[in-house]
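Given next are the chains, with one letter for each unit.
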Amino acid sequence: MPRTTRLPASHQDFSFPCTRRSLSLLVISLGLTLAACSPEAATSDSVTLDFARAEHEAGRVVLIDIREPNEHATGVAKGAQLLPMRQLGARLSEIPTASDKPVLLICNTQNRSSSTLSALRERGYPHVRFVQGGMSEWVRRGWPVVRP
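Residues numbered from 1 in each chain as written. Predicted model: local features only at pLDDT ≥ 70, side-chain atom pairs only at ≥ 80, totals over all residues. Heavy atoms only, no water.

Some thoughts on helix 4 (residues 49-57)
- Taken as a whole, helix 4 has its buried residues at Leu49, Ala52, Glu55 and His56. Projected onto a plane normal to the axis of helix 4, the buried residues spread over an arc of 135° and lie on a single side.
- Looking at the packing, one finds that the buried side of helix 4 touches strand 1 (46-47), strand 2 (62-65), strand 4 (103-106), strand 5 (128-131) and helix 7 (134-140).
- Among the residues trailing helix 4, Gly59 stands out with phi positive, at a value near 80°. (Buried < 20%, exposed > 50% of the residue type's maximum accessible area, 1.4 Å probe, protein only. Helix = DSSP H or I, 4+ residues; strand = E, 2+ residues; numbered from the N terminus. Arc of directions from axis to C-beta. Contact = heavy atoms within 4.5 Å.)

Considering the pattern of salt bridges
- Enumeration according to the criterion identifies 10 salt bridges in this entry.
- Residues Glu55 and Arg60 are paired through a salt bridge, measuring 2.9 Å at the closest nitrogen-oxygen approach.
- Between Asp65 and Arg67 there is a salt bridge; the shortest N-O distance is 2.8 Å.
- Overall, Arg67 belongs to the buried group, its relative accessible area being 3%.
- Here the salt bridges do not stand alone but share partners, grouping Asp50, Glu137, Arg140 and Arg141 into one network. (Salt bridge = Lys/Arg side-chain N within 4 Å of Asp/Glu carboxyl O.)

Regarding the packing of aromatic side chains
- Tallying each qualifying case throughout the model produces one aromatic pair.
- Centre to centre, the rings of Trp138 and Trp143 are 5.1 Å apart; their planes meet at 85°, and the pair counts as edge-to-face.
- We classify Trp138 as buried; its relative accessible area is 2%.
- Just above the ring of Trp143 sits the side chain of Arg53; from NZ or CZ to the centre is 4.6 Å. (Phe/Tyr/Trp six-rings, centres within 6.5 Å; stacked < 30°, edge-to-face > 60°. Lys NZ or Arg CZ within 6 Å of the ring centre and 35° of its normal.)

Description of the pairing of strand 2
- Alternating positions in strand 2 separate into two faces, Val62 and Ile64 on one and Leu63 and Asp65 on the other, with burial throughout.
- With four bridges connecting them, strand 2 and strand 4 associate as parallel partners. If you follow Asp65 over to strand 4, its bridge partner there is Ile106.
- Bridging between strand 2 and strand 3 (residues 81-82) involves two bridges; their strand directions are parallel. Each residue of the ladder has a partner; that of Asp65, found in strand 3, is Leu82. (Pairing = 2+ DSSP bridges.)

See below:
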């Protein structure tokens with residue numbers, strides 16, 4: 001026979017109405033809490049490609065394509081600022097310093113943009129992030145590109 005444990009009298013009056021809505025809210029809250037504690041959320045170095053596209057097209061971020069000119073020639077995201085990684089040191093002043101409009105770096109696969117991010121952070125650009133997947137994933141998804 002299973003053993004039952006009685007709660008102390010002070011706890012017996014506690015009740016929680018278990019409705020579908022309350023369960024849904026609990027699950028959503030738990031999910032958001034766990035997401036905020038995940039390794040991906042702990043790092044603010046990157047953004048998803050979907051987020052980058054939506055924010056860029058809405059004009060809420062500056063998208064900087066750090067690929068080289070021969071790569072730009074294959075197509076760029078419309079409205080992206082073109083700033084080849086090799087020219088970054090000489091053109092650093094072209095990267096906005098105001099943190100009210102985030103800067104997103106995009107390259108072909110995210111390797112150069114993630115390493116460039118580290119250098120920019122050291123120079124005082126906390127509002128810069130890199131785009132996961134890069135332009136190769138942008139093109140693979142069939143998203144529009146324009147010639148520079």
